[in-house]
Amino acid sequence: MNKLLIMDTTHPINTRTERFKATLEKKYKVYVCSWSRNLNVNTSGLNDYFVFKTSIGYGNQIKKLLYLPLFFYFCLKVSFEVKPKIIFASHWDSLLCAILIKLLFIGKIKIIYDCLDMPTTSNSLLQKILLKTEKICIRFTNLTVFASRYFKELYPQKINNLIFENYPSKFI
C-alpha cells in the first residue's frame, strides 16, 4: 500500500484535514506529522501520528518562524522513516517543509498543497516574504486544493488545482 504523510504545523489537525485523512485512508496508509506548540498535549493513543512538541505557544508568529527549521528537521526524520509517496501539506509553512523534503528526496515525492488560507501577518515586509515564498513553493506542487473559489484567481493559472470548499457536513 502506498504511503501518504499529512504535514501540518498545528496539533491537533483541523477538521478539514481530518476529513481528507479519513478519505485518503481508503486508498493509502496515512501518517500525520504535526506540531504541538503546547507541551501538555496528550498524544497517547494516536496511531501513526508523529507530534513535534514545543512550548512556544500559539499566536507568536516570530517564535513560530524561528522554530520552523526544527519542525522541518523533525518532518525530514519522519519522512526518512515513513518513506511516503505523497506529502499532503496544510498551510504555507508545511508546504515549505514538504518542498524542501521533496528536493532532498530528488523529486520522488508528490506534493498536494491544501491552501486553507492566505499567508498573513501584520508586518508588511514579512507579508511580502511569505507571499513570495508560497509563490515559489507552489510551483513544485503536483496538486493545489483551494479552500475557496476566490483563492484560485490569486495563484498562477498553470498549476494543477481543484476547489474543495468547506461546506457543512450535515444540514440542520
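For the structure given in this document, a descriptive report is provided here. Since the model is a prediction, treat every value here as computed from it, not as a measurement. (Residues numbered from 1 in each chain as written. Predicted model: local features only at pLDDT ≥ 70, side-chain atom pairs only at ≥ 80, totals over all residues. Heavy atoms only, no water.)

Quick word on the overall build of the protein chain
Right, on to step 1. Secondary structure summary: the protein chain contains four helices and seven strands in total.
Right, on to step 2. Secondary structure elements of the protein chain occur, N-terminal to C-terminal, as β-α-β-β-α-β-α-β-α-β-β.
Right, on to step 3. The C-alpha radius of gyration of the protein chain comes to 16 Å, within 12% of the 16 Å expected for a compact globule of 172 residues.
Right, on to step 4. Dimensions of the protein chain, computed from the C-alpha atoms along their principal axes, are close to 45 × 40 × 35 Å. (Helix = DSSP H or I, 4+ residues; strand = E, 2+ residues; numbered from the N terminus. Rg over C-alpha atoms; globule rule 2.2 N^0.38 Å.)

As for the sheet that holds strand E7 (residues 161–163)
Right, on to step 1. Here seven strands make up an open sheet; going across it, the order is E3-E2-E1-E4-E5-E6-E7 and the pairing parallel. The sheet is open, and its two edges are formed by strand E3 (49–53) and E7, each paired on a single side. Each strand axis lies, on average, 15 degrees off the axis of its neighbour in the sheet, ignoring direction.
Right, on to step 2. In this structure, strand E2 (residues 29–36) lies alongside E3, joined through five bridges in parallel fashion. (Pairing = 2+ DSSP bridges. Axes fitted to C-alpha atoms, helices over the stretch in contact; angles between N-to-C directions.)

Section: the packing of aromatic side chains
Right, on to step 1. Scanning all chains against the criterion turns up eight aromatic pairs.
Right, on to step 2. Pairing Trp35 with Phe71 gives two aromatic rings, centres 5.3 Å apart and planes at 15 degrees, and the pair type is stacked. Taken as a pair, Trp35 in strand E2 and Phe71 in helix H2 (residues 61–82) lie far apart in primary sequence, 36 residues in all.
Right, on to step 3. Here Trp35 falls in the buried class, since its relative accessible area comes to 0%.
Right, on to step 4. For Phe71, a relative accessible area of 0% corresponds to the buried category. (Phe/Tyr/Trp six-rings, centres within 6.5 Å; stacked < 30°, edge-to-face > 60°. Buried < 20%, exposed > 50% of the residue type's maximum accessible area, 1.4 Å probe, protein only.)

Description of the pairing of E2
Right, on to step 1. In terms of residue burial, E2 counts as a mostly covered element, since seven of its eight residues are buried.
Right, on to step 2. Here strand E1 (residues 3–8) pairs with E2 via six bridges, running parallel. Bridge pairing in E2 links Ile6 to Val32.
Right, on to step 3. A crossover connection joins E1 to the parallel E2 through helix H1 (residues 15–24); in handedness this β-α-β unit is right-handed. (Right-handed = clockwise from strand over helix to strand, strands pointing away.)

With respect to the pattern of salt bridges
Right, on to step 1. Scanning all chains against the criterion turns up five salt bridges.
Right, on to step 2. Between Arg149 and Glu165 there is a salt bridge, with the nearest N and O atoms lying 3.0 Å from each other. One end of the pair, Arg149, is in the loop between strand E6 (143–146) and E7; the other, Glu165, is in the segment after E7, with 16 residues separating them in the sequence.
Right, on to step 3. For Arg149, a relative accessible area of 45% corresponds to the partly exposed category. (Salt bridge = Lys/Arg side-chain N within 4 Å of Asp/Glu carboxyl O.)

Quick notes on the side chain of Lys102
Right, on to step 1. Its location among the elements puts Lys102 in helix H3 (residues 91–104).
Right, on to step 2. Notably, Lys102 is buried but unbridged: the nearest opposite-charge side chain belongs to Glu134, and the N-O separation is 16 Å.
Right, on to step 3. A polar contact of 3.3 Å, which involves the side chain of Lys102, links it to the side chain of Asn142.
Right, on to step 4. Not counting the four nearest positions on each side in its chain, Lys102 is found in contact with Gly107, Ile109, Ile111, Phe140 and Asn142. (Lys, Arg positive; Asp, Glu negative; His and termini not counted. Polar contact = N/O pair within 3.5 Å; in protein donor to acceptor, adjacent residues only side chain to side chain. Contact = heavy atoms within 4.5 Å.)

Considerations on helix H4 (residues 124–138)
Three- or four-residue spacings in an α-helix give side chains the same orientation, since the helix completes a turn every 3.6 residues.
Right, on to step 1. For H4, built from 15 residues, the straight-helix expectation of 21 Å at 1.5 Å per residue is met to within 8% by its first-to-last C-alpha distance of 21 Å.
Right, on to step 2. Every buried residue of H4 is listed here: Leu126, Gln127, Leu130, Glu134, Cys137 and Ile138. The arc that holds the buried residues of H4, viewed along the axis, is 105 degrees, so those residues lie on one side. Facing away from the buried side of H4 by over 90 degrees, the exposed positions are Ser124, Leu125, Lys128 and Lys132. (Expected span 1.5 Å × (residues − 1). Arc of directions from axis to C-beta.)

Function cannot be read off these values alone, since they describe shape.
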